[in-house]
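For reference, the chains in residue letters:
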Amino acid sequence: MDGAAQARRRWPATAAVVLAAAVAVTALRGCSPDAEGAAPLTAELNQFRDNYGSQIIEIQVSNTSSVSLTVFSADMSSSLFPAGTSWRAKPEGTEVPPGQTKSLPATLPAPSCGSPGADADAAPSAGAAPAQVKVSYRQGSTTSDVKMPAADPFGVLARNRSELCLAQDAGRIARINLAPELEVAADGRTAVVRLQVTPRAAEAGTPRSLVIESIEGTTLLSEAPDAPWPQGITVVAGGSPGEFRLRFRPARCDPHAVAEDKVGTLLPLRLDVGGRRGVFKVPAGADLTGRIHAFVTAACPAH
């Protein structure tokens with residue numbers, strides 16, 4: 001048999017092997033989330049302004065593929081919040097269409113605080129992923145779990161941790177709140193809220209005092225020029241209660257000031273608690289919030 005004939009006899013077997021391999025590769029690609037076999041999801045962390053006072057964050061999951069998928073759960077882990085937090089869907093899951101993002105709310109647990117200034121109190125180093133997110137999802141007939149780094153472009157975890165650790169330390173020294181009543185001036189142009197500070201009994205191993213360095217305004221409340229708010233208030237554990245009258249005027253009078261308010265009744269106090277410094281936001285209760293909104297609405301036409 002000449003060489004050409006032998007080659008012709010070998011060709012069908014060789015072609016069959018190549019064809020089978022091609023079919024296998026095609027099948028594998030068809031089963032994977034995309035042609036590269038990468039997960040069809042990305043994750044990012046955010047927080048809506050109306051949740052600033054409740055430590056609810058958003059695990060935002062984006063579908064980067066061309067096919068809809070259904071998300072069933074998202075679990076976030078971070079060294080800043082060792083217990084982690086989770087979001088769970090209803091039994092049918094939550095659909096994420098191609099190219100779209102879904103915000104999945106999750107409540108932050110207690111943070112890891114450490115001592116002020118210690119390495120444990122610092123945010124993750126530059127370039128380090130602040131969190132990992134594990135997502136359970138279904139695409140087509142395939143259900144998968146994928147774990148990926150979660151971007152945190154707005155520093156949501158570091159900010160919440162700083163605020164929660166400061167609030168934890170301050171809470172061991174005193175209870176700080178706003179009285180529910182609002183005192184409106186006779187001319188209706190200003191009003192007074194009362195900041196109440198009630199020291200707790202001293203605890204061994206915790207700071208014995210804190211300093212309210214300053215009291216800041218909000219999107220709704222601005223210090224009355226003729227009645228400056230106090231600064232440098234020292235509060236000592238085991239000391240006497242104090243009350244501070246804060247006269248204010250509306251900070252904004254545009255039509256959306258009250259209608260779109262999210263943080264206007266969270267009063268920011270700049271604190272130093274045993275070397276841990278930051279902003280502690282004192283929320284107005286539901287009654288006081290309603291009274292402040294009504295006051296601003298009534299007072300604004302006079303401005």
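Refer to the structure printed above.
Here's what I pulled together on the structure shown here. Counting starts from 1 at the beginning of each chain's written sequence and moves along it residue by residue. Reporting of local features is limited, given that this is a predicted model, to residues whose pLDDT is at least 70; pairs of side-chain atoms are given and counted only at 80 or more, and all residues count toward the totals for whole chains, interfaces and linings. Processing note: side-chain calculations cover all non-hydrogen atoms of the structure and skip hydrogens and water entirely.

**Describing the overall build of the protein chain**
Every helix listed is a DSSP run of H or I at least four residues long, and every strand listed is a run of E at least two residues long, numbered separately from the N terminus. Scanning the protein chain for helices and strands turns up four helices and 17 strands. Under the scheme applied here, a residue whose accessible area is under 20% of the maximum for its type counts as buried, over 50% as exposed, and between as partly exposed, the area being computed with a 1.4 Å probe on protein chains only. Classification of the 303 residues of the protein chain by burial places 38% in the buried group. Contacts are assigned to residue pairs that have any heavy atoms within 4.5 Å of one another. Look at the contacts in the protein chain between residues 6 or more apart in sequence, and 69% of them connect residues 24 or more apart. Here, Shrake-Rupley sampling with a 1.4 Å probe gives the accessible areas, and only protein chains in the shown set may cover a residue. Summed over all atoms, the accessible surface of the protein chain reaches about 15,800 Å², with 53% contributed by carbon and sulfur.

**Topic: the state of the cysteines**
Note on disulfides: each one is a pair of cysteine sulfur atoms within 2.5 Å. Scanning all chains against the criterion turns up two disulfides. Two residues share a disulfide in this structure: C113 and C165, whose sulfurs sit 2.1 Å from each other. Residues C113 and C165 are joined by a disulfide whose S-S torsion is about -95°; by sign, that bridge is left-handed. Here C113 is found in the loop between β6 (101-107) and β7 (131-139), whereas its partner C165 is found in helix α2 (residues 156-171), with 52 residues between them in sequence. Comparing C113 with C165, the two get one shared label, buried. Two residues, C253 and C300, share a disulfide whose sulfurs are 2.2 Å apart.

**Thoughts on the nonpolar core**
For our purposes a nonpolar core is just a set of buried Ala, Val, Leu, Ile, Met, Phe, Trp, Tyr and Cys residues, chained together by side-chain atoms within 4.5 Å. Judged by nonpolar contacts, the single largest core of 36 residues is most densely connected at I212, L269 and L271. With five residues, helix α4 (residues 286-299) is the single largest residue contributor to this core. Once residues within four sequence positions are removed from consideration, L269 is found in contact with I176, L195, I212, S214, I215, G278, V279, F280 and V282. Core analysis: the next-biggest nonpolar cluster, separate from the first, contains 27 residues, L104, A131, V146 and L157 among them.

**A closer look at the pairing of β7**
By this definition, two strands are paired if DSSP reports at least two bridges between them. Here seven bridges tie strand β3 (residues 69-78) to β7, and the two strands are oriented antiparallel to one another. Within β7, the position partnered with A74 by the bridge is V135. Looking at chain direction, β7 and strand β8 (residues 142-151) are connected through nine bridges and run antiparallel. The residue bridging K134 from the neighbouring strand is K147, located in β8. Taking the residues between adjacent antiparallel strands as the criterion, β7 and β8 are bridged by two residues, where G140 takes a positive phi near 70°.

**As for the sheet that holds strand β17 (residues 276-283)**
With respect to topology, four strands assemble into an open sheet ordered β14-β12-β16-β17, the strand pairing being antiparallel. Looking at which strands have only one partner, the edges of the open sheet turn out to be β14 (233-236) and β17. Each strand axis lies, on average, 35° off the axis of its neighbour in the sheet, ignoring direction. What counts as an axis is a line fitted to C-alpha atoms, over the stretch in contact for a helix, and the angles between N-to-C directions run from 0 to 180 degrees. Sitting on the sheet, α2 touches β12 (209-215), β16 (266-273) and β17, and the angle it makes with β17 is about 85°.

**Observations regarding unusual backbone geometry**
Unusually for a residue other than glycine, Q55 sits at a positive phi of about 55°. Summarising the element assignment, Q55 is placed in the loop between β1 (41-46) and β2 (56-63).

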